[in-house]
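This is what each chain is made of:
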Amino acid sequence: SSELTQDPAVSVALGQTVRITCQRDSVRSYFASWYQQKPGQAPVVVIHGRNNRPSGIPDRFSASSSGNTASLTITGAQAEDEADYYCCSRDSSGDHWVFGGGTKLTVL
Amino acid sequence: QVQLVESGGGVVQPGRSLRLSCATSGFIFSSYALHWVRQAPGKGLEWVAFISYDGRNEFYVDSVKGRFTISRDISKKTLFLQMNSLRVEDTAVYFCAREDLSYGDHFDFWGQGTLVTVSS
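Because the structure is a prediction, the values reported are computed rather than measured. (Residues numbered from 1 in each chain as written. Chains lettered and ligands numbered in written order. Predicted model: local features only at pLDDT ≥ 70, side-chain atom pairs only at ≥ 80, totals over all residues. Heavy atoms only, no water.)

Trainee: Tell me about the interface of chain A and chain B, and name the residues and values.
Mentor: How big an interface is tends to be reported as the loss of accessible area on association of its parts. The interface of chain A with chain B comprises 18 residues on the first partner and 26 residues on the second. Between chain A and chain B the total buried area reaches about 1700 Å² when both faces are included, carbon and sulfur atoms providing 64% of it. Taken together, the links from chain A to chain B amount to 2 salt bridges. Between Arg90(A) and Asp105(B) there is a salt bridge, with the nearest N and O atoms lying 3.4 Å from each other. Broken down by secondary-structure element, the contributors of at least two residues to the side of chain A that touches chain B are strand 4 (33–37), strand 8 (83–90) and strand 9 (97–99) of chain A. By residue class, the composition of the side of chain A that touches chain B is 8 nonpolar, 8 polar and 2 charged. (Contact = heavy atoms within 4.5 Å. Buried area = accessible area lost by both parts, 1.4 Å probe. Salt bridge = Lys/Arg side-chain N within 4 Å of Asp/Glu carboxyl O. Helix = DSSP H or I, 4+ residues; strand = E, 2+ residues; numbered from the N terminus. Nonpolar A, V, L, I, M, F, W, Y, C, P; charged D, E, K, R; others polar.)

Trainee: Describe the sheet that holds strand 1 (residues 4–5) of chain A, with residues and values.
Mentor: Residues and elements named next belong to chain A. Read from one edge to the other, the open sheet built from 4 strands follows the order 1-3-7-6, with strand pairing classed as antiparallel. One side of each edge strand has no neighbouring strand; the edge strands of this open sheet are strand 1 and strand 6 (61–66). In this structure, strand 1 lies alongside strand 3 (residues 18–24), joined through 2 bridges in antiparallel fashion. Note on strand 3: the bridge partner recorded for leucine 4 is arginine 24. (Pairing = 2+ DSSP bridges.)

Trainee: So what about the packing of aromatic side chains? Which residues, and what values?
Mentor: Under the defined criterion, the tally for this structure stands at 12 aromatic pairs over all chains. Relative to Trp47(B), the ring of Trp97(A) lies with its centre 5.4 Å away and its plane at 45 degrees, an arrangement referred to as tilted. Taken together, the residues span two chains, with Trp97(A) in strand 9 and Trp47(B) in strand 5 (residues 45–51). The exposure class assigned to Trp97(A) is buried, which follows from its relative accessible area of 5%. Feature note: the residues Tyr35(A), Phe99(A), Phe95(B), Phe107(B) and Trp110(B) constitute an aromatic cluster, connected by ring pairs. Seen from the ring of Phe27(B), Arg98(B) lies directly overhead, with NZ or CZ sitting 4.9 Å from the centre. The side chain of Arg98(B) reaches across the aromatic face of Tyr32(B), ending 3.8 Å from its centre. (Phe/Tyr/Trp six-rings, centres within 6.5 Å; stacked < 30°, edge-to-face > 60°. Buried < 20%, exposed > 50% of the residue type's maximum accessible area, 1.4 Å probe, protein only. Lys NZ or Arg CZ within 6 Å of the ring centre and 35° of its normal.)

So this is what it looks like as structure tokens:
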């Protein structure tokens with residue numbers, strides 16, 4: 001099975017830009033999706049596919065990919081962006097899904 | 001609007017069984033694959049199981065294979081997770097989630113979760 005590796009914690013100053021990365025153990029892989037989870041709440045998808053934002057997700061959220069690393073970038077982080085962020089992808093077999101360990105984002 | 005509402009969680013002893021339900025509304029039930037995802041207390045998300053839109057295909061994370069069974073009832077628009085031989089490590093909040101295939105597959109709607117506690 002595949003693994004997705006995320007940094008456990010990242011911090012960013014209010015209004016600055018932060019990148020959250022998701023390293024995969026295989027270059028050949030499916031698109032990653034990204035989820036925001038606040039305490040006591042269900043996850044919410046913020047990015048899916050190459051770089052698609054669902055309705056209602058601010059355009060300060062964007063995604064990119066290089067090699068075996070997928071990234072979520074928040075340009076101009078806001079206080080309400082403080083949350084846990086998870087990447088997710090199918091594994092190489094296509095019949096299992098894997099979440100990264102999650103990154104706790106602190107907005108200073 | 002799309003809604004998924006889990007139920008059936010509770011406290012159960014190791015080795016016993018529990019059945020979770022996820023009642024859905026607001027979309028064409030038979031058109032979407034559905035998943036169960038769990039989150040142990042203070043831990044990250046873990047994908048648990050998948051069932052295809054037509055119920056013909058099921059996939060499981062290795063740790064629950066042979067113990068958990070995912071199913072769906074089109075007449076009730078409800079997703080189920082039958083959990084047998086429960087272990088302490090199955091303790092978690094269980095979320096049901098809808099899979100959308102547009103622009104890369106992803107989980108576009110989630111339920112609020114139901115807590116399963118396995119303890120003697």
